Amino acid sequence: MKMKTDDELIAAFQNGNPEGFNELVYRYKNTLYQYIWAMVHDEGAAGDIFQEVFLGFYRRISDYRPEGKLKSYLFTSAHNRILNFFRDQKQEVSLDDTDEEGKAYLQEEIAGTDPQPLEHLEQAELAEKLKQAALKLPQAQREVIYLKQYMTFREAAETLNRPLGSVLADHHRGIQKMKQFLQKEAAL
């Protein structure tokens with residue numbers, strides 16, 4: 001069975017099928033929530049922002065024109081609400097912490113493998129090194145690197161309301177700086 005596109009689900013909802021909207025929420029609940037939580041590091045606030053994003057979309061869904069850009073729309077809305085959250089909290093955006101299990105947000109996951117104890121230790125050490133390297137990056141570079149986990153460069157540029165070239169350059173510079181940091185540490 002072919003999975004419906006976002007635009008098909010929106011059209012279904014606009015034509016009276018509530019399951020269309022429910023499927024959209026289900027489709028984006030993990031990636032969008034993870035992005036929000038990684039930015040605010042507050043479970044309650046992340047849940048509130050996630051709900052605000054979809055409530056705002058729900059209120060404006062009748063005006064939405066199918067363009068195949070729902071993901072960018074949702075992440076842009078989340079990004080703006082995150083900025084508002086920090087403006088209201090008078091805090092700086094932090095991308096540098098770990099989750100409750102101690103995993104760094106930038107850690108790559110190896111699909112389909114159950115690490116042995118030594119491999120698990122090596123992965124934890126790598127995750128910590130990646131986290132420390134990411135901490136040294138300017139915020140704009142860190143944010144692009146984190147967003148790239150969830151979307152394309154073009155979508156990240158739209159989300160951040162920045163030129164695509166700037167986003168590509170920040171990503172490239174960030175990765176290069178992280179490699180330099182990791183190489184320096186390995187040489188010690």
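Look up a bit, the structure's there.
A word on the packing of helix H6 (residues 139-148) against helix H7 (residues 153-160)
- Contact geometry of H6 with H7 gives a least axis separation of 9 Å together with a crossing angle of 130°. Looking at the two axes, H6 sits oblique to H7. In the packing of H6 onto H7, the handedness of the crossing is right-handed. Together, Glu 143, Val 144, Leu 147 and Lys 148 of H6 and Phe 153, Ala 156, Thr 159 and Leu 160 of H7 make up the contact between the two elements.

Some thoughts on H6
- A large share of H6 lies buried, amounting to seven of its ten residues.
- When H6 is considered as a whole, its buried residues turn out to be Gln 141, Arg 142, Glu 143, Val 144, Ile 145, Tyr 146 and Leu 147.

Some thoughts on the nonpolar core
- Core analysis: the largest hydrophobic core is formed by 36 residues, its most contacted members being Leu 32, Tyr 35, Ile 36, Val 40 and Phe 57.
- Broken down by element, the residue count for this core peaks at nine residues, all from helix H2 (residues 18-40).
- Contacts of Phe 57, omitting those with residues within four sequence positions, involve Ile 10, Phe 21, Leu 24, Tyr 64, Leu 70, Tyr 73 and Leu 74.
- Ranked by size, the runner-up nonpolar core spans seven residues in total, among them Leu 130, Ile 145, Tyr 146 and Met 178.

As for the environment of Asn 17
- Position of Asn 17 among the secondary structure elements: in the loop between helix H1 (6-14) and H2.
- A polar contact of 2.9 Å, which involves the side chain of Asn 17, links it to the backbone nitrogen of Glu 19.

Concerning the packing of aromatic side chains
- All chains considered together, the criterion is met by twelve aromatic pairs.
- Aromatic side chains Phe 13 and Tyr 58 sit 5.5 Å apart centroid to centroid with 55° between the ring planes, which places their arrangement in the tilted category. Here Phe 13, found in helix H1, pairs with Tyr 58, found in helix H3 (residues 43-60); they are 45 residues apart in sequence, far enough to count as distant.
- Look at Phe 13 and you get buried, because its relative accessible area is 17%.
- By relative accessible area, which is 44% here, Tyr 58 ends up partly exposed.
- In this structure, Lys 136 is placed above the aromatic ring of Phe 181, and the distance from its NZ or CZ to the ring centre is 5.1 Å.
- Cation over ring: Lys 148 sits above Phe 153, and NZ or CZ is 4.8 Å from the ring centre.

Cut-offs used in this document
Residues numbered from 1 in each chain as written. Predicted model: local features only at pLDDT ≥ 70, side-chain atom pairs only at ≥ 80, totals over all residues. Heavy atoms only, no water. Axes fitted to C-alpha atoms, helices over the stretch in contact; angles between N-to-C directions. Helix = DSSP H or I, 4+ residues; strand = E, 2+ residues; numbered from the N terminus. Parallel < 35°, antiparallel > 145°, perpendicular 65-115°, else oblique. Left-handed = near helix turned anticlockwise from the far one by under 90°. Contact = heavy atoms within 4.5 Å. Buried < 20%, exposed > 50% of the residue type's maximum accessible area, 1.4 Å probe, protein only. Core = buried A, V, L, I, M, F, W, Y, C linked by side-chain atoms within 4.5 Å. Polar contact = N/O pair within 3.5 Å; in protein donor to acceptor, adjacent residues only side chain to side chain. Phe/Tyr/Trp six-rings, centres within 6.5 Å; stacked < 30°, edge-to-face > 60°. Lys NZ or Arg CZ within 6 Å of the ring centre and 35° of its normal.

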